[in-house]
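This is what each chain is made of:
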Amino acid sequence: MQDTGKNIIIAGVGGQGILLFSNLLSKYYMKLGYELKISDVIGLGQRGGGVESHFRYSTKPVLSPFIKAGDVDYLLSFEQTETLRYLHCLKEDGIVFSSTFELSTSSVNTRLEKDMPESKTELIKRSGLKTFIIDPEEYKSTDFDISKMMNIVMLAIYAEFRGYSHEEMIQIVRESVPEKFIAGNIKAYEKGISIAREMTPNP
Amino acid sequence: MKMMNGNEAVARGAFEAGVKVASGFPGTPSTEVMDYTQQRYPDIYCEWSTNEKVGLEVAIGASFAGYRSLAVMKTVGLHVAADALGGAAGSQINGGLVLVVGDDVGRIAGDDYNDVRHYGNMFNIPVLEPSDSQEAKDLMIRAFEISEEYSTPVILKITSVICKTTSAVAIDEDYTYKVKCRKKYTVSFSKVIMTTMMMNAKGSEHPKLVKCFNDFPAHMKRLAADSNGFDINKLELKGNKIGVITAGTPYFYTKEVLPDASILKLGMVMPLPEKLIRELAAHVEKLYVIEDGHDIMEKNIKDLGIVVIGKELFPKFPEMMRFTPDIIEEKLLPDAPKRTLMEGIPFRLPVSCAGCSHLFISQILRKHKIKASADVTCGLIGCFPHMESYSLQKCMGSSIALAHGYNVATDHKEKFVGMIGDGGFWATGINGLMNLIFNDSQSTTIIVDNSCLAMTGGQHVASSEFGFNYKPENKLEIAKVCEAIGVKDIVTVDAYEFENLEKAILNAVKADTNSVVIVEKPCVTKFKLPKGDAYSIDQELCTQCRKCINIGCLAIESKKGKDGKVEIVINEDLCVGCGLCSTACKFDAIKS
Ligand SMILES: Cc1ncc(C[n+]2csc(CCOP(=O)(O)OP(=O)(O)O)c2C)c(N)n1
Ligand code: SF4
Ligand code: SF4
């Protein structure tokens, strides 16, 4: 085993299927024989709160369930305000995958707080980190609602980037989701592969 | 090996310990201990009780019957059950009695900053604390053994981090469930009886006296002495510069940040293994205590006359919500690079689900400037500054008595209304209602009947039409109970009939008699109510007065459009078509 382990933060908001995402990914690493710790820090998820999952796999026993700021290898984010919250946690050569989806925060909606004046996408691009920006709007089509499937799309993107076996991943999806959702999920996974193959990093 | 989070592992531990009865009351982060137990281990009798005190009393009774019993709650729940625990502490234990109590460290889900270990000190009972899922399972079994061996209730402290962290647990898939009945004592009395015995009859051999006597101080002394040899307390002697006494997940943070430190890792945080602590203290130059929550081990160690560094280096709340590896690194390895969060990122204030019945009530209270108290329910979102529907909010079950207190103090001149969920009502709120009736109060109570404990994820209550032990003939009726208690004026309304609801609340507030308004609508999220057509905002008519945003619906957003102009829009995916926002718009801009 060449890869001795990585630290990943998965971020987004309630209802984006982040727990399923980390569950599927954990099964992949389990099959490879890694040790794992996954810690979910859940706000008031179902009510528009932030969701954050610390995902660590390693050839040695994983100690802390939380990843120290500065030790994150990959940030996989489903919402761009949430992306900003974790940029400082990445290693210098850490890599960010971020959706441009944005769920405005209640504090801004209600004017308890001002929104950031700059474009969040630009802030992410200018973070000095290697970033992959995914704009779900670009891939929206009448027969495929990507916003509801972003977790599976992200799984495919990450797997492609890491050079993992798509066959294996699809098998895990098959074993894990209810029968009636399998076809839709596989379609989303395939879409994810094609998105990943077109993606170019920033800078 | 199986991947399990802490709650699953505790449930598995209960199964392997041969628990017969599990009772308790939901509360983040430990609610799922009961859910997993009930779903996976049907041999175990499970119940959500009306409140934590009742839940613990059920477990105490089952334990006296000779069977291992478990009570589940969060730490604020143990405040409610504290009297029951006081009664059980020090008394004769037949079947092991274990309380699984969740400390919501770090306020991950918005709880107060509590620490269950205070009860260990207060009642002189042992507290165990796991560091990962494997230990959660193992310590659960161990807790029952200790409970029986030392005749004491045992607290298993779990935290939001343990509950929500998944790691591997060794499981024997073919394990078969075994229950045994251990009937060692024929009586079990509270300490009041025992101390009376002790003062008058210690040493007596009269069988009637011996039968009642339980030498609890001796049990605890023996446990403290034995704890030095417990394998769950591990002394890892390494370098002699830094020594750390720690427990729970902070053990792993410590090991990761300070790989060369000598560590005493406690699986039982109370009572403390004095010998091991002295051994570590003698081995190292500086001794630290790294514990989540309050400075409880620290104080107990300092009481032994041992010098340790704790709070002075790691100030507790509000400076720190919970330990992280980062905090330990910052304080003990000051040369490590510092990372800071980007400034100005907006925070996410909780909001209600789209279509929630609470929003209708909040809206009416605000619109008519009715003063009201909120209970601990999903409806407490109405306390937040964008909604301002409630001016008073305290603990679960309190809102009815709070309103009554306000009303008697103000001679009922301005009617203060109490809003409470059905769960809070059955839990302890019902006492507030009985109290105000026989004390001749004219208070108004709004009971939000959404058929479940919504805020903790939709567990059943006494008036639900589902539940672990549900039978239609046993369902309690809120209206009938209110009537029996003697409430003069009771109306039941559908939350979505806005005008009726408004009328009902206004009538109740105006009347000079006590009254209850029962607002019916199943929780949209728990019961996945069918969605109606989405509403939308006509941008031509919208004046951006933001009245609709302040109703607190998740689906209404203020967004920058492509041209950079801010628009108030309804998120089609989230809107359930309840129509509340359209009642708030004076410009008729919101339509179906
Ligand atoms: C003493 C105590 N026990 C448990 C909790 C956890 N808790 C918070 S809200 C809630 C459910 C409230 O249900 P209900 O009163 O029916 O209101 P709803 O959320 O359904 O509107 C529970 C159990 C608590 N905060 N305090
Ligand atoms: S969970 Fe139910 S009661 Fe709570 S905010 Fe959502 S709809 Fe309302
Ligand atoms: S109709 Fe209005 S209040 Fe109701 S869910 Fe839709 S946006 Fe929210």
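About the cut-offs
Residues numbered from 1 in each chain as written. Chains lettered and ligands numbered in written order. Predicted model: local features only at pLDDT ≥ 70, side-chain atom pairs only at ≥ 80, totals over all residues. Heavy atoms only, no water. Contact = heavy atoms within 4.5 Å. Buried area = accessible area lost by both parts, 1.4 Å probe. Salt bridge = Lys/Arg side-chain N within 4 Å of Asp/Glu carboxyl O. Nonpolar A, V, L, I, M, F, W, Y, C, P; charged D, E, K, R; others polar. Helix = DSSP H or I, 4+ residues; strand = E, 2+ residues; numbered from the N terminus. Buried < 20%, exposed > 50% of the residue type's maximum accessible area, 1.4 Å probe, protein only. Polar contact = N/O pair within 3.5 Å; in protein donor to acceptor, adjacent residues only side chain to side chain. Near = heavy atom within 4 Å. Areas by Shrake-Rupley, 256 points an atom, 1.4 Å probe, with all protein chains shown as cover. pLDDT = per-residue confidence, 0-100. Arc of directions from axis to C-beta.

Caption draft 1: Spotlight on the interface of chain A and chain B. Counting residues at the interface gives 52 residues for chain A, matched by 51 residues for chain B. Across the interface of chain A and chain B, roughly 4600 Å² is buried in total on both sides, 59% from carbon and sulfur atoms. Linking chain A with chain B are 5 salt bridges. Notably, a salt bridge pairs Lys68(A) with Glu329(B), separated by 2.6 Å at the nearest N-O pair. Among the residues forming the side of chain A that touches chain B, the class breakdown is 21 nonpolar, 16 polar and 15 charged.

Caption draft 2: Highlighting the side chain of Lys265(B). All names here are of chain B. For Lys265, the position within the fold is in strand E11 (residues 262–266). Residue classification places Lys265 among the buried residues on the basis of a relative accessible area of 1%. Polar contacts involving the side chain of Lys265 include one to the side chain of Ser131, which spans 3.1 Å. Those residues in contact with Lys265, other than ones at most four positions away along the chain, are Glu129, Ser131, Glu135, Ile232, Asn233, Lys234, Thr246 and Tyr251.

Caption draft 3: Local environment of the pattern of salt bridges. Per the counting criterion, the structure on display carries 45 salt bridges over all chains. With its nearest N and O atoms 2.7 Å apart, the salt bridge here joins Lys91(A) to Asp73(A). Taken together, the residues Lys91(A) in strand E5 (residues 90–99) and Asp73(A) in strand E4 (residues 72–77) connect sequence positions 18 residues apart. For Asp73(A), a relative accessible area of 11% translates into the label buried. Here the salt bridges share partners, and the residues they tie into one network are Asp103(B), Asp115(B), Arg117(B), Lys157(B) and Glu291(B).

Caption draft 4: Focus on the site of ligand 1. Residue and element names in this part refer to chain B. The local shell around ligand 1 holds 23 residues, among which Glu52, His358, Asp422, Gly423 and Gly424 are the closest. Gly423 has a polar backbone atom sitting 2.8 Å from an oxygen atom of ligand 1. Here an oxygen atom of ligand 1 sits 2.9 Å away from a polar atom, N or O, in the side chain of Asn450. Protein contacts shield 94% of the accessible area of ligand 1, which totals 590 Å² for the unbound molecule.

Caption draft 5: Representation of the confidence of the model for chain B. Residues at a pLDDT of 70 or more form 99% of chain B, whose mean pLDDT is 94. Interface confidence for the predicted complex, expressed as ipTM, amounts to 0.94; the pTM equals 0.96.

Caption draft 6: Fine view of the site of ligand 2. If you check the shell around ligand 2, you find 10 residues, and the closest are Cys353(B), Cys356(B), Cys378(B), Cys523(B) and Val524(B). Near ligand 2, the surrounding residues belong to chains A and B. Class assignment for the residues of the shell around ligand 2 results in 6 nonpolar, 3 polar and 1 charged.

Caption draft 7: Structural detail: helix H18 (residues 478–485) of chain B. Residues and elements named next belong to chain B. Buried within H18 we find Ile478, Cys482 and Ile485. All buried residues of H18 project into a common sector of 60° when viewed along the axis, lining one side. When the buried face of H18 is taken as reference, the exposed residues oriented beyond 90 degrees from it are Lys480, Glu483 and Ala484. Those residues of H18 hidden inside the fold are in contact with helix H17 (422–438), strand E17 (444–449), strand E18 (489–494) and strand E19 (515–520). Residue Gly486 follows H18 closely and has a positive phi angle near 115°.

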